[in-house]
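The lines below spell out each chain.
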Amino acid sequence: MSHFAYIGVLIFCLIGTGWLELAMRTRVYRRWNRLMLAVLPVTVLFTLWDKYAIAQTHWTFDPKHVSTLTVWGTIPLDEILFFIVIPICAILTLEGVRSAHGDVVGDELLEQTAGDKK
Amino acid sequence: MTYTQLSFIGVAVCIGLDLWIFRTGLVKRRIFWKSYAIIISFQLLTNGILTGYRIVRYNGDKIIGSSTPVDSAPAFLGDGRLAFAPVEDLLFGFSLVLLTLVLWVWFGRIGIGRAPQSGPPRTFMRRLIK
């Protein structure tokens, strides 16, 4: 169990936002190409930040509570997954709010936003 | 550089990308702050688990507060921490979320995955949130 503590938190995040795809019809996973294009650069950049932070001892991980698999020598696999899962959760949240409130986000076609609230 | 310095740079860079490079202007939109309000509450919960149980431990030389203790949980509030996590994590999380949403909106704006659009909620959700 304990090696899965961090991954358990990530699964909680995936379930905690995944229902929005069904109940709010966010259609985020369905637009997987846009999703991947948005998430992957973030994963790469924050992995670089993580690599630097670990090298500079900003933070360390309890080896008992993270996966035994590491990426690029020093980064627990859990961290890479974090930088994939949390961006997905953020997008699902934004689209969930758009579904509920219909607020303008800035990616609509022009005629859709005419006369809409900012 | 310390985590404190980097976390401020991260926020500045991401706001710069939002306002002047990708010109998505999310920080000027109500929907961004509504979404962020939801996200930050869940961040405090999940990050509180990761930091309170010391799955992730911080070096006091690199943050405003002191190091994560070896044998007990860090401060819940105070000593540069909020819900066990260093306040720097809030800035780190803000950068992570803002950059993601900037890219998501930007790709939509240039026509990738604009459709099918989000919503409307299913009927039972519409009744719930009305």
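A quick note: this is a predicted structure, and the numbers were derived from the prediction, not measured.

**Q** Quick one: what's the story with the overall build of chain B, residue by residue and with numbers?
**A** Each helix and strand in chain B was counted, giving 4 helices and 4 strands. In chain B, the succession of α and β elements from N to C terminus is α-α-β-β-β-β-α-α. The C-alpha radius of gyration of chain B comes to 18 Å, more than 25% above the 14 Å expected for a compact globule of 130 residues. A principal-axis box enclosing the C-alpha atoms of chain B has dimensions of 50 × 40 × 20 Å. Every one of the 130 residues in chain B was classed for burial, and the buried ones make up 42%. Across chain B, every contact between residues at least 6 apart in sequence was considered, and the portion connecting residues at least 24 apart equals 53%.

**Q** Please provide a residue-by-residue account of helix H2 (residues 32-55) of chain A, values included.
**A** Spanning 24 residues, H2 of chain A covers 33 Å between terminal C-alpha atoms, matching the ideal 34 Å at 1.5 Å per step. Arg34, Ala38, Val39, Val42, Phe46, Asp50 and Ala53 of chain A are the residues of H2 of chain A that are buried. The elements touched by buried residues of H2 of chain A are strand S1 (59-61), strand S3 (75-76) and helix H3 (77-101) of chain A together with helix H1 (3-21) and helix H3 (88-109) of chain B.

**Q** Can you tell me about the interface of chain B and chain A, naming the residues and giving the values?
**A** The partner chain A presents 47 residues to the 44 residues of chain B that form the contact. When residues of the side of chain B that touches chain A are traced back to their parent elements, those giving at least two are helix H2 (30-52), strand S1 (56-58), H3 and helix H4 (123-129) of chain B. At 11 residues, H3 of chain B tops the list of elements feeding residues into the side of chain B that touches chain A. Looking at the side of chain B that touches chain A residue by residue, the class counts come to 24 nonpolar, 11 polar and 9 charged. Sheet analysis places S1 of chain A next to S1 of chain B, joined by 3 bridges and oriented antiparallel. Bridged to Phe61 of chain A within S1 of chain B is Val56 of chain B.

**Q** Help me get a handle on the sheet that holds strand S4 (residues 85-86) of chain B, residues and values and all.
**A** Across a sheet, paired strands are connected by hydrogen bonds in the backbone, their directions being either parallel or antiparallel. Residue and element names in this part refer to chain B. Across the sheet, which stays open at both edges, the 3 strands sit in the order S2-S3-S4 with antiparallel pairing between neighbours. Each end of this open sheet is capped by a strand with a single partner; those strands are strand S2 (77-78) and S4. In the sheet, S2 pairs with strand S3 (residues 81-82) via 2 bridges, with the strands oriented antiparallel. Residue Gly78 lies in a different strand from S3, and its bridge partner there is Arg81.

**Q** Describe unusual backbone geometry, with residues and values.
**A** Residue and element names in this part refer to chain B. Note the cis peptide between Ala115 and Pro116, where omega equals 0°. Cis peptide bonds are those with omega within 30 degrees of zero, and the linkage from Gly119 to Pro120 qualifies with 0°. As for its placement among the helices and strands, Pro120 is situated in the loop between H3 and H4. You will see that Arg54, though not glycine, has its phi angle at about 60°, which is positive. Take Arg54: there are 20 C-beta atoms within 10 Å of it, and that puts it in the buried class. With a phi angle near 75°, Phe84 is a residue other than glycine that sits in the positive phi range. Taking the number of C-beta atoms within 10 Å as the measure of exposure, Phe84 has 22 and is therefore buried.

Reading guide: rules and limits
- Residues numbered from 1 in each chain as written.
- Chains lettered and ligands numbered in written order.
- Predicted model: local features only at pLDDT ≥ 70, side-chain atom pairs only at ≥ 80, totals over all residues.
- Helix = DSSP H or I, 4+ residues; strand = E, 2+ residues; numbered from the N terminus.
- Rg over C-alpha atoms; globule rule 2.2 N^0.38 Å.
- Buried ≥ 20, exposed ≤ 12 C-beta atoms within 10 Å, placed from the backbone.
- Contact = placed C-beta atoms within 7 Å.
- Expected span 1.5 Å × (residues − 1).
- Nonpolar A, V, L, I, M, F, W, Y, C, P; charged D, E, K, R; others polar.
- Pairing = 2+ DSSP bridges.

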